[in-house]
Structures are given as C-alpha cells and as structure tokens.
Protein chains: 2
Amino acid sequence: MSHQRDRASTRNAQTGPSGLDLPDLPEATVARLPEYLRALHGLAETGLDVVSSEELAGAAGVNSAKLRKDLSYLRSSGTRGVGYDVASLIAKIEYVLGLSQHRTVALVGVGNLGHALAGYAGFESRGFHIAALFDADPRRVGERIGGLRVHHVDELPLVVAQERISIAVIATPAQAAQSVADALVACGVTSILNFAPKVLNVPDNVDVRKVDLAIELQILSFHEHRKASLTALPSTLGGVLGQEAYGS
Amino acid sequence: MSHQRDRASTRNAQTGPSGLDLPDLPEATVARLPEYLRALHGLAETGLDVVSSEELAGAAGVNSAKLRKDLSYLRSSGTRGVGYDVASLIAKIEYVLGLSQHRTVALVGVGNLGHALAGYAGFESRGFHIAALFDADPRRVGERIGGLRVHHVDELPLVVAQERISIAVIATPAQAAQSVADALVACGVTSILNFAPKVLNVPDNVDVRKVDLAIELQILSFHEHRKASLTALPSTLGGVLGQEAYGS
DNA sequence: CACGATTTGTGCATGCCTTCACAAATGCCT
DNA sequence: AGGCATTTGTGAAGGCATGCACAAATCGTG
C-alpha cells in the first residue's frame, strides 16, 4: 500500500453530540483494521465466538502485541484471560471504519481495468455499493455493465449528488486522471481511489489513495534482483547474511 | 500499498563478482523509486535533460529532501548547482530495480480481475512481460487472451521453468490463493503479487506484496467517516479529552 | 581568476511505529 | 474461597523515517 501523501495520525477524540465517538487512531493502525476485520469474518464463519490476540494476529499476519495495541485504540473490550468477542469486535471495527452506513462508490473509466472493477464481487460483499459508472468516450456511454448504465463524465455533478456518492474510483488513463479528479473534487467528493499511474493534485481535505500495479511489480523486481545478485556471490563469502545458498 | 510483512531494510552492499553493486536501500526508499522513475520518464518526454530535486520531487509528490536522500543511496550522481541528469538517473534507477533485464510474469486466475490484468497495457510498457496465464477451471483452459493461451494450473512447473518466470501474480478467489501460492513456491517462484483477499503463508525467502481493493476503500471510508463526524460537531465544543459529555 | 548564485548531499533532531516484557485482570478448578 | 493458568493492556526502549537547515561543490559571469 502505498499512500499518496503521508498523513499524521487522526486527530480529534471528542464525543460528538451525535453519539459519534471516534478515537485517535494512528494511520498505521487504520490500515490494518480492515485486515483484522476480514480475519474476524473468516473466524466467525467457522463458528468461533471468542478469539485470542495470538490467534487473530496469526490469521491477519501480524505480531500479536501490535494487534493488541491497535485494538486498544478502539477502547477495546477484550477480556483478560479469555480473548476478544468476535461479534462485538467485528461490530466495533465496522463502526470505526464507517462501514455501518453503506457507502456508495462511483467508478470513472470503464476501460480494461474499470470493467473488471465494476464487476468485482469483492466490493459489494464488503459493504461498498458501486452506484454509478462514467466514461469520457461517447461510444462507451449507454453501455450496460452489471446492471449499471455508463454515464458520460459530464453528468458527474448530477449523478454524484443524486446517488449521494461518498467515494470515487479513478480507472482512467493517466492523462485523464487529473481532470477527472478536479471534476470529482468540484462535485464535493473527498475520497478518491486512484488506479491511474499519475500523482494527483488535490486540496488538503481530499484523501487520495493510490494503487499502481506496475509499481508493485517494480518493487518485487528489486527484491528479485537483489536475491539474484546475492546467490551469485561466490561461496567463499561467509554466509552470514540471510540468504545462504542451500540451507540444510 | 501495503506490504504483507514488514521487512527490514535491504542488507548487503558488497560488490558482487558479476559487477553487481547493489547499495543498502531502506524499504521506504525502494517503494518510492518507481514513482521517481515514472516522473523521470514523463520529464524525459518533454525534452528535459537535467532536473533539480525540487522539480522532480514536485512531479513525484514528495519532499525534496526526502528525494535527495533517497537518491543519495544510489551513489547518486547529481551535480551541485545543477541538478540530476535525467537519462542517467533513469538508467540507474532501472538498474537498481532490476528492470534492465526484462522480467517475465505469470498470471494465475483469469477471472474477472485476471482478465483485466492480462490485458493491462501498463505492464508491458513498464518493463514487464506477461508470459503465461493459468486457471484451475477446465472451461477456461485453452481460451486465448491477448495472444496468450490459458494453461491449466497443473502445468505451472513446466511453464514456469520454460518461460523463466520470475514473478507471479495471483488473481484467484481467496480460497484458492494459498494452494496456488504453495504451487508457485514449489516451482521456485520467489516473488508474488497477491490480489486475493487472503494472507498468504510463504517461506521467508519469498516476497509477497498484496493489493486488496476492498481494504483501500475501507481506509478511505474511515477518513470519510471521520470527516463527517468532525463537521457534525457544534462549534461550541472546546472539549479536550475523549470522554467529556459536554465540556464546560 | 574570483565571486555569487544555485543546488546537492547529509548531520541532526523529532516523531512514529514496532516489539518486548510484565503487571493487572479474568475464569476455572479444586 | 483461594490459587493457578491464561490473556489482555500498556510502559518503555529501540529502530526507522522524515524534514530542516546548512556546509560543500559546481557553474556562469565579469
């Protein structure tokens, strides 16, 4: 994951009059909560109703102390000697992540990738409803994908307001991404997930997360390169460092 | 981004016998190099041949001091008072990332998302060649996508060896991901990009990077939630601590 | 050749994140 | 009822990353 811009930890812990009660979460913790949530759902399906930090941490692939500290930020309600109640922990994390209210998502750019995202079942199953599709190409407008009609981007303001869109996904080519982002911001959208390989310029109050597939591969490539150059080292080199050629 | 397991910074700075010379890069730096690379390519297209850290940092969306420090790890060859030579910086970053040698990629799972990834032009254009497609569904085997035939996963060992695959992409449903990963590891694959919403269990020498679309949305959802609860606060509230019902 | 403008490379301070290790709390068993 | 095993919650230490601020280096110009 990778963030576009690093953000400080989330300020404000006031108890609002609306009953809201958002604690002050470090950004690193926020990024892990969804992982915990998924692990919890998995455990819930197996019928488990109480889980220890050790088990849950294992399922989520993190250190158990880290998990406990993360949960402690949620005014966590684990029971010492026992563990965490699965159902109530799920509820708490979902609340904190704002998933209690169903979020509607707009998807801009129904090309190759956009098509796949529009049909991706993983969104609906995890609390997100793709409510509108957009494209700039007139030939695409009107097309139906998974029960949704593709709108022209010019209709953004109208549809965003109508459907109460809270999050937008940009899956356009790089050169279109910035203008789409501008249009979204103008419509009042304050959360963007950007798949276009381009750094977006947005006001401070707008959150952008970026997913760049090529970058992920390049990072892996680096490690491949490094591993390769290590194993290419002559065996005379005392294998002190991690990668001994043929471990027992 | 998001990593599956945090890794310490990259050890080893020996000059290998093969003329390799990989410096000791912090993981955070590695994650940013691809971004710099893309910015550089963009600048190169505009005909620019020297760039200052300030300009490049702007294009990549980072602090200029951070950029300079990152580049300094590459035994960087900037020129004081002038800037960085675009062409040679591109070459150096591509070398360090291991992009000099073309990397061949295998893609497992040609469902909804896999299909899109197989056709994604962004890979080829950035040094990655998708060389083989796999699926477990016999009905999909034999299908041709973008000039490639879909193999059955049982053929993994054969094809991986034949095509000298160095990186694999998993785009299967969650429940298939672990067994696919096991098969890949058994074939000697040591770098995996995982799109399945499942924490993979792999040996230490295997690198896994994870891209989970729902998680990205959930992180955005959190910030939406938070922003919404902030604007809902009454202006009278001067509350300092968490639990005061209605401060003085 | 010397000077001033520019820009890199980096020491340092600060803050965040991770992890260990342990006290506090809980439930069970005798 | 008391003690023991278990597990949470957290204080504290260490490591990593960020960003400022400045010295060192280079170029162009007179």
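Residues numbered from 1 in each chain as written. Chains lettered and ligands numbered in written order. Predicted model: local features only at pLDDT ≥ 70, side-chain atom pairs only at ≥ 80, totals over all residues. Heavy atoms only, no water.

**Considering the protein's contact with DNA strand C**
Condition: Any residue with a heavy atom lying within 4 Å of a molecule or strand is counted as near it. Numbering of helices and strands runs from the N terminus, with a helix taken as a DSSP run of H or I at least four residues long and a strand as a DSSP run of E at least two residues long. In this count, Pro and Cys sit with the nonpolar residues alongside Ala, Val, Leu, Ile, Met, Phe, Trp and Tyr, while Asp, Glu, Lys and Arg are called charged and the others, Gly among them, polar.
The full set close to DNA strand C counts 26 residues, and Arg32(A), Arg80(A), Ser53(B), Arg68(B) and Tyr84(B) are the nearest of them. Sugar and phosphate atoms form 64% of the subset of DNA strand C atoms that lie within 4 Å of the protein. Those elements giving two or more residues to the surface near DNA strand C turn out to be α1 (27–45) and α3 (64–72) of chain A together with α3 (64–72) of chain B. Per-element accounting of the surface near DNA strand C gives the leading share, four residues, to α3(A). Looking at the surface near DNA strand C residue by residue, the class counts come to six nonpolar, eleven polar and nine charged.

**Comments concerning the packing of α1(A) against helix α4 (residues 86–96) of chain A**
Residues and elements named next belong to chain A. We apply this condition: Helix axes are fitted to C-alpha atoms over the stretch in contact, other axes to C-alpha atoms as well, and angles between N-to-C directions run from 0 to 180 degrees. Here roughly perpendicular refers to angles of 65 to 115 degrees, roughly parallel to angles under 35, roughly antiparallel to angles over 145, and oblique to all remaining angles. Rotating anticlockwise by less than a right angle from the far helix to the near helix defines a left-handed crossing, while the corresponding clockwise rotation defines a right-handed one. In what follows, residue pairs with any heavy atoms lying within 4.5 Å of each other are defined as contacts.
Where α1 meets α4, the axes come as close as 10 Å, and the angle between the chain directions of the two elements is 150°. One way to sum up the angle between α1 and α4 is to call them roughly antiparallel. Two packed elements cross with a definite hand, and for α1 against α4 that hand is left-handed. The segment α1 lies against α4, with Leu33, Tyr36, Leu37, Leu40, His41 and Ala44 engaging Val86, Leu89, Ile90, Ile93, Glu94 and Val96. The class makeup of the residues in the contact of α1 with α4 is ten nonpolar, one polar and one charged.

**A short note on the pattern of salt bridges**
To keep things clear, this is the line we draw: When a carboxyl oxygen of Asp or Glu lies within 4 Å of a side-chain nitrogen of Lys or Arg, that pair is called a salt bridge. With a 1.4 Å probe rolled over the protein chains alone, any residue whose accessible area is under 20% of its type maximum counts as buried; one over 50% counts as exposed, and the rest are partly exposed.
A full pass over the atoms with the stated rule returns 20 salt bridges over all chains. For Glu224(B), the salt bridge is made with Lys227(B), and the minimal N-O distance between the two is 3.7 Å. Placement of the pair is Glu224(B) and Lys227(B) together in helix α9 (residues 213–231), with a separation of three residues, close to one helical turn. Relative accessible area serves as the criterion here: at 17%, Lys227(B) is assigned to the buried category. A single salt-bridge network, built from bridges that share partners, covers Glu35(A), Arg38(A), Arg126(A), Lys210(B) and Asp212(B).

**Comments concerning unusual backbone geometry**
The backbone phi angle of Arg164(A) is positive, close to 55°, even though this residue is not glycine. The topology assignment puts Arg164(A) in the loop between α7 (156–163) and β7 (167–170).

**A short note on helix α7 (residues 156–163) of chain B**
All names here are of chain B. The criterion, for reference: Read the arc as the range of directions from the helix axis to the C-beta atoms.
Listing the buried residues of α7 in full gives Leu156, Val159 and Val160. The buried residues of α7 all sit within an arc of 100° when viewed along its axis, so they share a single face. Residues of α7 that are exposed and point over 90 degrees away from its buried face: Leu158, Ala161 and Gln162. Looking at the buried positions of α7, the neighbouring elements they touch are β5 (128–135), β7 (148–152) and α8 (174–186). Where α7 ends, the next residue or the one after it, Arg164, has phi of about 50°, a positive value.

**Focus on the packing of helix α2 (residues 53–60) of chain A against α3(A)**
Packed helix pairs are characterised by how far apart their axes lie and by the angle those axes make with each other. Residue and element names in this part refer to chain A. Running from amino to carboxyl end, α2 crosses α3 at an angle of 105°, the nearest separation of the two axes being 8 Å. Relative to α3, the element α2 lies roughly perpendicular. For the pair α2 and α3, contact is made by Ser53, Glu54, Leu56 and Ala57 and by Ser64, Leu67 and Arg68, respectively. Taken together, the residues that form the contact of α2 with α3 break down as three nonpolar, two polar and two charged.

**Details of the protein's contact with DNA strand D**
Note the threshold: As used in this structure description, the phrase polar contact means that two N or O atoms lie within 3.5 Å; if the pair is within protein, one of them must be able to donate a hydrogen and the other to accept it, and residues adjacent in sequence are counted only when both atoms belong to side chains.
DNA strand D sits among 25 residues. The nearest are Ser53(A), Tyr84(A), Arg32(B), Lys69(B) and Arg80(B). In DNA strand D, the atoms that sit within 4 Å of the protein are 64% sugar and phosphate, with bases accounting for the remainder. Arg68(A) is positioned with one of its side-chain polar atoms (N or O) 2.9 Å from a base nitrogen of DNA strand D. Contact distances for DNA strand D include 3.0 Å between a base nitrogen and a side-chain N or O atom of Lys69(A). Elements with a minimum of two residues in the surface near DNA strand D: α3 of chain A together with α1 (27–45) and α3 of chain B. Considering each element in turn, the surface near DNA strand D owes the most residues, four residues, to α3(B). Here the surface near DNA strand D is composed, by residue class, of six nonpolar, ten polar and nine charged.

**Concerning the pairing of β7(A)**
All names here are of chain A. Which entries qualify depends on this criterion: Criterion used throughout: strands pair if DSSP finds at least two bridges between them. The handedness rule is simple: strands pointing away from the viewer, and a clockwise path from the first strand over the helix to the second, make the crossover right-handed.
With burial as the criterion, each face of β7 is covered, one bearing Ile167 and Val169 and the other bearing Ala168 and Ile170. As paired elements, strand β3 (residues 103–108) and β7 share four bridges and run parallel to each other. What sits directly across from Val108, in β7, is Ile170. Note that β7 and strand β8 (residues 191–194) share three bridges and pair parallel. Paired with Ile170 across the strands is Asn194, a residue of β8. After leaving β7, the chain enters helix α8 (residues 174–186) and then returns to the sheet as β8, a path that is right-handed.

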